[in-house]
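# Observations on the three-dimensional arrangement
These are the residues of each chain, in order.
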Amino acid sequence: MNLYLFPAPANLEGGYNFGVHFAYNKLKPQSEDIVVWCANTSNIPYIKSNDVFVKLPQLYSFESLKKILQNRFHHEIDYDTLKSLNKLEFDSIHCDEVTFYRAIRKLYPNKQINLRFHNCFARIKERERILGVKQDWRFEKKMDTLAKLEFEIFNDKNVFKIFISDEDRNYYTSMTGSISDSEVWYYEPEIPTKQDILNILDKKLVWYGGVEGHKTSSVMWFIKYVLPKVKQVIPDIEFHLWGSQTSQFNNPENNIFGHGRYNGDDLPLKGKALYVNPDVIGGGIKIKLMTYFKEGVPFISTPFGFEGYKNDLIDNSYCHVVEMDDWANKIVEILG
């Protein structure tokens, strides 16, 4: 019997859930295994009668406030929440997020743990320091808290570390000198037969996805520094944003249209627009690129936004990965 702990439902409703769905289907828990599901909803695919459900606290709750004051992430799982598991013996334990680590290590002090990092905030903090940039204060607090937790796990020789990108694993191995206790689980995008749509693109750019936390600075960078340069060459260029909290950028006078959440069955302006992924800091894997590959839409990304994907996917036709200083020239070249 094995133990699996997942930080969210395994579905396709968002990038984080997609990552959990990927791991669940890779691990394939059996009927006798115990699975712990963390969620703030009771709608959990794959849940079994012998599984454990943990309700996550809301950000503005006493429980979350207590953890924040303790310099812990508000979704970190407590020992008391899982202590009923100490009556059970498991052949293997997989934690699909760092938030389970302290509770599981307290329950099983000497047990080998397999643990997957959905991100590596210690690496992103170091990147911020080198670049001299700062994000939203809430995201900064999250990074500080989780980076300290990551350091604890890095130094636990009885944890096998699973990363989602070479960049994250290389950071770990270069910092610790350990190379035998980690691996990467790669996301492999589905690449369909491409159609020649590139000669019929309109003068339109699309951001697709919500704008929360550190994503705000990426969109602001694009609007402030890239779009004006593109407009000098293509005056009637349009920038469309779909996703939660995108309406805050709505500015029709400047051809910027924040549409809010998208409810269509297909990608908006599919086959007519260039999609943009202006990630200025990186971190994790941008799951929406999986959708862009699958749907065969052309897109441009910064190198930070392309982390976790293999460079042989860059064809400079549908997939453009361009340094930030060259974005405006490249967009003009693609749409001009």
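Before reading further, recall that the structure is shown in the block above.
Along each chain, the written sequence defines residue order, and numbers are assigned to residues from 1. Confidence filtering applies because this is a predicted model: local features only for residues at pLDDT of at least 70, side-chain atom pairs given and counted only at 80 or more, and all residues used for totals across whole chains, interfaces and linings. To get the side-chain values, take all heavy atoms of the structure and skip hydrogens and water.

## Quick word on the overall build of the protein chain
As a reminder of what qualifies: A run of H or I in DSSP counts as a helix once it spans at least four residues, and a run of E counts as a strand once it spans at least two, with each numbered from the N terminus. Computation of the radius of gyration draws on C-alpha atoms, with the globule rule given as 2.2 Å multiplied by the number of residues to the power 0.38. Relative accessible area decides the class of each residue, using a 1.4 Å probe on protein chains only: under 20% of the type maximum gives buried, over 50% gives exposed, and in between gives partly exposed. Computed by Shrake-Rupley with a 1.4 Å probe, the accessible areas treat only the displayed protein chains as cover when residues are assessed. Residues scored as positive are Lys and Arg, those scored as negative are Asp and Glu, and His as well as the terminal groups of each chain are ignored. Charge coordinates come from a single atom per side chain, which is NZ of Lys, CZ of Arg, CG of Asp or CD of Glu.
If you tally the helices and strands in the protein chain, you get ten helices and 13 strands. Scaling as 2.2 N^0.38, a compact globule of 336 residues should have a C-alpha radius of gyration of about 20 Å, and the protein chain matches this with 21 Å. The dimensions of the protein chain, computed from C-alpha atoms along their principal axes, are 65 × 40 × 40 Å. Looking at the 336 residues of the protein chain, the share that counts as buried comes to 51%. By element, 50% of the accessible surface of the protein chain is carried by carbon and sulfur atoms, the whole surface being about 16,400 Å². In the protein chain, which carries 41 positive and 44 negative side-chain charges, the distance between the mean positions of the two groups comes to 4 Å.

## Concerning helix 8 (residues 215-233)
One full turn of an α-helix is made of 3.6 residues, so residues set three or four places apart face in the same direction. Our working rule: By this rule, a helix spans an expected 1.5 Å times one less than how many residues it contains. Bend at a residue means the angle formed by two fitted axes: the first through the 7 residues ending at that position, the second through the 7 residues beginning there. Two residues qualify as a contact provided that any one of their heavy atoms is within 4.5 Å of a heavy atom in the partner residue.
Over its 19 residues, helix 8 runs 27 Å from end to end, which matches the ideal 27 Å to within 8%, given 1.5 Å per residue. Maximal helix bending in helix 8 amounts to about 40 degrees, located at Leu227; proline Pro228 follows within four positions. Buried within helix 8 we find Ser218, Val219, Trp221, Phe222, Ile223, Val226, Leu227 and Val230. Next to the buried residues of helix 8 lie strand 8 (204-208), strand 9 (238-242), strand 10 (256-258), strand 11 (274-277) and helix 10 (327-335).

## Focus on the packing of aromatic side chains
Stated formally: Only the six-membered ring of Trp is used, alongside the rings of Phe and Tyr, when aromatic pairs are assigned; centres must lie within 6.5 Å, and planes under 30 degrees apart are stacked while those over 60 apart are edge-to-face, with the rest tilted.
Tallied over the entire structure, the rule returns 25 aromatic pairs. A ring pair is formed by Tyr24 and Trp37, whose centres lie 5.5 Å apart and whose planes are at 35 degrees; its orientation type is tilted. Pair noted here: Tyr24 is in helix 1 (residues 15-27) and Trp37 is in strand 2 (residues 34-39), with a separation of 13 residues, a long-range link. Pair check on accessibility: Tyr24 and Trp37 agree, each one buried. Judged by centre distance (5.6 Å) and plane angle (35 degrees), the rings of Phe163 and Tyr172 are tilted.

## So, the side chain of Asn11
For the record, the criterion: N or O atoms within 3.5 Å of each other form a polar contact, as long as, within protein, one can give a hydrogen and the other can take it, and as long as residues adjacent in sequence are counted only when both atoms are side-chain atoms.
Note that Asn11 resides in the loop between strand 1 (3-6) and helix 1. The class of Asn11 is buried, set by a relative accessible area of 11%. Only 3.0 Å separates the side chain of Asn11 from the backbone nitrogen of Glu13, close enough to count as a polar contact. If we skip the residues at most four places from it in the chain, Asn11 touches Asn17, Phe18, His21 and Pro45.

## Re the sheet that holds strand 6 (residues 159-163)
Note the threshold: The pairing criterion is simple: DSSP has to find at least two bridges between the two strands. In this analysis an axis means a line fitted to C-alpha atoms, helices contributing only their contacting stretch, and an angle means the value between N-to-C directions, from 0 to 180 degrees.
As summarised here, the arrangement of the seven strands in space is 3-2-1-4-5-6-7, forming an open sheet in which the pairing is parallel. Both edges of this open sheet fall to strand 3 (52-55) and strand 7 (182-184), since each of them pairs with a single strand only. In this sheet, neighbouring strand axes are inclined to one another by 15 degrees on average, regardless of whether the strands run parallel or antiparallel. The sheet strands contacting helix 1 are strand 1, strand 2, strand 4 (93-95) and strand 5 (113-116), and the helix crosses strand 1 at an angle near 165 degrees. Against the sheet, helix 7 (residues 166-176) touches strand 6 and strand 7, its axis set at about 165 degrees to strand 7.

## Re the sheet that holds strand 13 (residues 319-321)
Judged by pairing direction, the sheet is parallel, and its six strands sit side by side in the order 10-9-8-11-12-13 without closing on themselves. The two strands at the open ends of the sheet, each matched to only one other strand, are strand 10 and strand 13. The mean inter-strand angle of the sheet, taken between neighbouring strand axes irrespective of direction, is 25 degrees.

Distances and angles like these do not, on their own, reveal function.
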